Amino acid sequence: MANKGLKYNQLPYREMEKLRQFRRDVIKVIPVVLLAIPPFANYIVFILMYFFPRQFLISHFWTHDQHQEFKEIYHSFRAQVYPDAVSGLIKAASKVKDRQLKKQLLTLGNKVQDGIHPEIFQLHIVAKLFLGHPLAIRHIDSRQAEIFSRVMFLTPHMPSFILRHRIWSHIMEIRHLDQALNSLGLHELSEDELRNACYVRGLNSVHLNAAQCKDWLIKWVQLSKKLKDSEASLLLHSMVLLSTNYLKKLPEKSK
């Protein structure tokens, strides 16, 4: 990467995704390495790895069944705050001055609360509201910053200004992945890659088939490629808006 003079956002999709996962694995493994430094502590670490693989092993060493089990557990953690994220969106909508856009944003939020999966055009209509106060990432309140940190699998236990910076950094990472994915083409992805791409963007895709994942990703990419960097907050909110009710709209036997 450095030898070729490439930046992260210039990498091909698969290399970008591998680097994204590698960074997360490094962050996870550092405390484990530090724990193993004292004499004979490595034996304790091995025991912990055996009995608590989700907490002490990086995903590369998980079995296929563990991948599915642990991803569902992690998704359950973030899904707990999805209703709070939608409630926060509706609360913020009350501060919007444009009456027409305010009405459309409230309708969008209320429909998601009522179990209705939104259409992409409904998100495009309100996109410009996410440029400034109160919905841009730099303007979201401390509670929303904590909520979206959980959505992004980030610790919420930091000052709000740091949370906002980390959220911005991670959603831009996803945006760069979207751009690389759009260049590669969804048809080039394997079934596992499709599932992982959906999962990274907020959807519990563990038990979805390739066609269902592709259907969801097509709409996600349609949204993402029309947004500006300054509208990244809409992409962030869409992790919740496009994931909350997607499984509900699928036929029962296909879930």
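It should be noted that the structure appears before, not after, this text.
Worth saying up front: this structure is predicted, and the values here are computed from it rather than measured.

### A short note on the nonpolar core
Here's step 1: Of all hydrophobic cores here, the largest spans 66 residues; its most connected members are Leu105 and Ile171.
Here's step 2: Here this core gets eight residues from one element, more than from any other, and that element is helix 9 (residues 160-184).
Here's step 3: Beyond its immediate chain neighbours, meaning those up to four positions away, Leu105 contacts Leu89, Ala93, Val96, Val126, Leu129, Phe130 and Leu135.

### Things to note about the packing of aromatic side chains
Here's step 1: Counting across every chain of the model gives seven aromatic pairs.
Here's step 2: Ring geometry for Tyr74 versus Phe77: centroids 6.3 Å apart, planes at 80°, classification edge-to-face. With Tyr74 and Phe77 both in helix 4 (residues 64-79) and three residues apart, the pair spans about one turn of that helix.
Here's step 3: With a relative accessible area of 23%, Tyr74 lands in the partly exposed category.
Here's step 4: Aromatic pair Phe153 and Tyr199: ring centres 6.2 Å apart, planes at 20°, arrangement stacked. One end of the pair, Phe153, is in the loop between helix 8 (142-151) and helix 9; the other, Tyr199, is in helix 10 (residues 191-200), with 46 residues separating them in the sequence.

### Thoughts on the pattern of salt bridges
Here's step 1: Under the counting rule described, the total for this entry stands at eleven salt bridges.
Here's step 2: With a shortest N-O distance of 3.4 Å, Arg143 and Asp84 are connected by a salt bridge. Separated by 59 residues along the polypeptide, Arg143 in helix 8 and Asp84 in helix 5 (residues 82-93) bring together distant segments of the chain.
Here's step 3: Residue Arg143 is classed as partly exposed on the basis of its relative accessible area of 42%.
Here's step 4: Assessed through its relative accessible area of 31%, Asp84 is described here as partly exposed.
Here's step 5: For Arg195, the salt bridge goes to Asp192, with nearest N and O atoms at 3.5 Å. Of this pair, Arg195 and Asp192 are both found in helix 10, three residues apart, which corresponds to roughly one turn of the helix.

About the thresholds
- Residues numbered from 1 in each chain as written.
- Predicted model: local features only at pLDDT ≥ 70, side-chain atom pairs only at ≥ 80, totals over all residues.
- Heavy atoms only, no water.
- Core = buried A, V, L, I, M, F, W, Y, C linked by side-chain atoms within 4.5 Å.
- Buried < 20%, exposed > 50% of the residue type's maximum accessible area, 1.4 Å probe, protein only.
- Helix = DSSP H or I, 4+ residues; strand = E, 2+ residues; numbered from the N terminus.
- Contact = heavy atoms within 4.5 Å.
- Phe/Tyr/Trp six-rings, centres within 6.5 Å; stacked < 30°, edge-to-face > 60°.
- Salt bridge = Lys/Arg side-chain N within 4 Å of Asp/Glu carboxyl O.

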